[in-house]
Amino acid sequence: MPAKKLTAVFVFLSVASLLAPGLAAQDAPLSPGSVNFNLPANSPLELRSVTMSDSHTTARGAALMLDLHMSLTLRNGSQNRIHGVTLRVVSQEVTIGGKGWVTYPSLNVGPGEAFPVRIDMQLMRPSQITTGTLVQVDLDGVLFQDLSFFGPDRLNSRRTMTASEMEAQRDRDHFKRVLAQSGKSGLQREILESIVRQSEFSQLVVTVKRAGRAVTSAAVSPEHTAEFAFLQFPDSPVAPVEGWAQLAGNEARAPHINVRNNSGKPVKYVEMGWVVSDQSGRQYMAASVPSAEPTLNLPPGKTARLDQDTSLSFTSKGQPVNVQKMMGFVNQVEFADGRVWVPNRQNLDNAILQKVLPPSAEEQRLTELYRKRGIETLVQELAKF
């Protein structure tokens, strides 16, 4: 089973910034006995091997920094094909910088097959205890080919991996259709077009702060209320109705978007994509506006308001991007029964989205496979699904 690219590693805060400057650092290797791997007895995954590599601890003052570089081999002990795995990595539940996770989507692991997983991150904990178990690795979730799920789902990994798998199925089916209709040459053209689009994306750095205004040198213009324009997708179960945010220079504060459930099923999560335009009319993919209320319950035919008590500042290549216009679109919907909706390829075949919306993790994986190994390997990969 070929190694899959790590697509997401999240640590709540850079731990280096929390260590007191000027204090002498003391390094020590991290022993295998200091890491506990917690897989439940009925887990579909089996831990076959662990390599700690150059993992080490650094004691500095009252803080202990854990620099983790671990290679795991996991085996699918179930009778179903595995398409996604999320592991939760914890050194301290209540300490800032004490938790992180890794997610591997776009897997295709059959029963009895083994596959590699990497954990590369920095965590922090108080240094009073430097021996015994310092890190615990928990299984948060496993997503199967049929979209069934196993795990405690403390990180909402079921929704995240299901949405990623829906996007992966959408994009694999698209490339399969191109192959069936236009052959290998047509598939190659489509992949090359995707590679060109990926190279032309404008990178936007978004800094998010809770409440209040962010303070930057660009925020000199008076704050004013600006309304969102919306892209409407005909098959979307949820439609945006109206929305607005407070703008000042390169800052946007407290976005609010009202949405209506046009489906026949209750909805428990909605995520809006957010595109901003600068003074020259150049557009950027800015952020996502998820349901702020963790217990959202949007019945059929009803309206809800997605509020975010945040301030966002936008920069590109180190320069402020002054926001002039905003546009939103429904990016993801989760129903009460756990099913997930994502935009189809026809929805995304839009002149604006083609320029600003990054391809799915699966499309990036497939284009990278073509780069490294050519069209024949890509065709063989598509045939596996």
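One can find the structure itself at the top, above this paragraph.
All of these numbers come straight from a predicted model, not from anything done at the bench.

For the chain, the count of helices and strands is 4 helices and 22 strands. Among the 385 residues that make up the chain, the fraction classed as buried is 49%. Put simply, of all contacts in the chain between residues at least 6 apart along the chain, 71% involve residues at least 24 apart. Surface summary for the chain: the accessible area is close to 18400 Å², and the carbon and sulfur share equals 49%.

Next up on the list: the pairing of strand S15 (residues 251-261). Burial within S15 is extensive, with 9 of its 11 residues counted as buried. With 9 bridges connecting them, strand S14 (residues 238-248) and S15 associate as antiparallel partners. Note that in S15 the partner of Pro-240 across the bridge is Val-259. With 3 bridges joining them, S15 and strand S19 (residues 310-316) adopt antiparallel strand pairing. For Ala-252, the partnering residue across the bridge sits in S19 and is Leu-312. Bridge count for S15 against strand S18 (residues 303-307) is 5 bridges, and the pairing is antiparallel. Note that in S18 the partner of Ile-257 across the bridge is Leu-306.

Right, let's get into the nonpolar core. Ranked by internal contacts, the top residues of the largest apolar core, which has 42 residues, are Met-272, Trp-274, Val-276, Phe-314, Met-326, Phe-329 and Leu-353. In contact with Phe-314, other than residues within four places in its own chain, are Leu-204, Val-205, Val-206, Asn-250, Ala-252, Val-276, Ala-286, Gln-319, Pro-320, Val-321 and Val-323.

As a further point, take helix H1 (residues 157-200). Note: α-helices contain 3.6 residues per turn, so residues at a spacing of three or four share the same orientation. Taking 1.5 Å of rise per residue, 44 residues should cover 64 Å, yet H1 covers just 30 Å from first to last C-alpha, more than 12% shy of that figure. When the local axis directions of H1 are compared, the greatest deviation, roughly 130 degrees, occurs at Ser-182.

Of note, Glu-93 is situated in the loop between strand S7 (82-90) and strand S8 (99-104). A relative accessible area of 35% places Glu-93 in the partly exposed class. Put simply, Glu-93 and Arg-125 are 32 residues apart on the chain and 9.1 Å apart in space, counted from C-alpha to C-alpha. Once residues lying within four places of it in the same chain are set aside, the contact partners of Glu-93 are Arg-88, Lys-99 and Arg-154. Among the polar contacts made by the side chain of Glu-93, one reaches the side chain of Arg-88 at a distance of 2.8 Å.

This paragraph deals with empty space enclosed by the protein. Taken as a whole and judged by the stated rule, the model has 2 cavities of 30 Å³ or more. By volume, the largest cavity amounts to about 40 Å³. Forming the walls of the largest cavity are Phe-37, Leu-39, Leu-47, Leu-72, Leu-74, Leu-87 and Val-137.

At Ala-254, a position not held by glycine, the phi torsion is positive, near 50 degrees. Structurally, Ala-254 is set in strand S15. The class of Ala-254 is buried, set by a relative accessible area of 13%.

Next up on the list: the environment of Ala-245. Turning to its location among the elements, Ala-245 is positioned in strand S14. On the basis of relative accessible area, Ala-245 is assigned to the buried category, the value being 0%. It is 5.6 Å that separates the C-alpha atoms of Ala-245 and Ala-226, two residues lying 19 residues apart in sequence. Not counting residues within four places of it along the chain, the set of residues in contact with Ala-245 comprises His-224, Thr-225, Ala-226, Phe-228, Arg-253, Ala-254, Pro-255 and Met-326.

What follows is about helix H4 (residues 361-382). Under the 1.5 Å per step criterion, the end-to-end length of H4 is only 15 Å for 22 residues, more than 12% shorter than the ideal 32 Å. When the local axis directions of H4 are compared, the greatest deviation, roughly 130 degrees, occurs at Arg-373.

Below, the discussion takes up the pattern of salt bridges. Within this structure, the stated rule accounts for 24 salt bridges. A salt bridge links Arg-172 to Glu-362; the shortest N-O distance between them is 3.0 Å. Taken as a pair, Arg-172 in helix H1 and Glu-362 in helix H4 lie far apart in primary sequence, 190 residues in all. For Glu-362, a relative accessible area of 1% corresponds to the buried category. Between Lys-384 and Glu-381 there is a salt bridge whose closest N-O contact spans 3.3 Å. When salt bridges that share partners are traced, they join Glu-165, Arg-172, Glu-362, Arg-365, Glu-381 and Lys-384 into one network.

This part takes up the packing of aromatic side chains. Throughout the structure, instances matching the rule amount to 4 aromatic pairs. Aromatic pair Phe-233 and Phe-329: ring centres 6.2 Å apart, planes at 55 degrees, arrangement tilted. Here Phe-329 lies in strand S21 (residues 325-335) and Phe-233 lies in the loop between strand S13 (224-230) and S14, a separation of 96 residues in the sequence. Under the relative-accessibility criterion, Phe-233 is labelled buried at 11%. The exposure class of Phe-329 is buried, given its relative accessible area of 0%. A centroid spacing of 6.2 Å and a plane angle of 80 degrees characterise the contact between Trp-274 and Phe-314, whose relative ring orientation is edge-to-face. With a gap of 40 residues between them, Trp-274 in strand S16 (residues 267-277) and Phe-314 in strand S19 connect regions that are remote in the sequence. Exposure class is identical for Trp-274 and Phe-314. Each is buried. Aromatic ring contacts, followed pair by pair, group Phe-228, Phe-230, Trp-274 and Phe-314 into a single cluster. The cationic tip of Arg-159 hangs over the ring face of Tyr-269; the distance from NZ or CZ to the ring centre is 3.6 Å.

Rules used in this analysis
Residues numbered from 1 in each chain as written. Predicted model: local features only at pLDDT ≥ 70, side-chain atom pairs only at ≥ 80, totals over all residues. Heavy atoms only, no water. Helix = DSSP H or I, 4+ residues; strand = E, 2+ residues; numbered from the N terminus. Buried < 20%, exposed > 50% of the residue type's maximum accessible area, 1.4 Å probe, protein only. Contact = heavy atoms within 4.5 Å. Areas by Shrake-Rupley, 256 points an atom, 1.4 Å probe, with all protein chains shown as cover. Pairing = 2+ DSSP bridges. Core = buried A, V, L, I, M, F, W, Y, C linked by side-chain atoms within 4.5 Å. Expected span 1.5 Å × (residues − 1). Bend = angle between axes of the 7 residues up to and from the residue. Polar contact = N/O pair within 3.5 Å; in protein donor to acceptor, adjacent residues only side chain to side chain. 1 Å grid on protein atoms, 1.4 Å probe; cavity = no way out; pocket = protein on both sides within 12 Å on 5 of 7 lines; lining within 4 Å. Points joined across faces, edges and corners; volume = space filled by probe spheres on them. Salt bridge = Lys/Arg side-chain N within 4 Å of Asp/Glu carboxyl O. Phe/Tyr/Trp six-rings, centres within 6.5 Å; stacked < 30°, edge-to-face > 60°. Lys NZ or Arg CZ within 6 Å of the ring centre and 35° of its normal.

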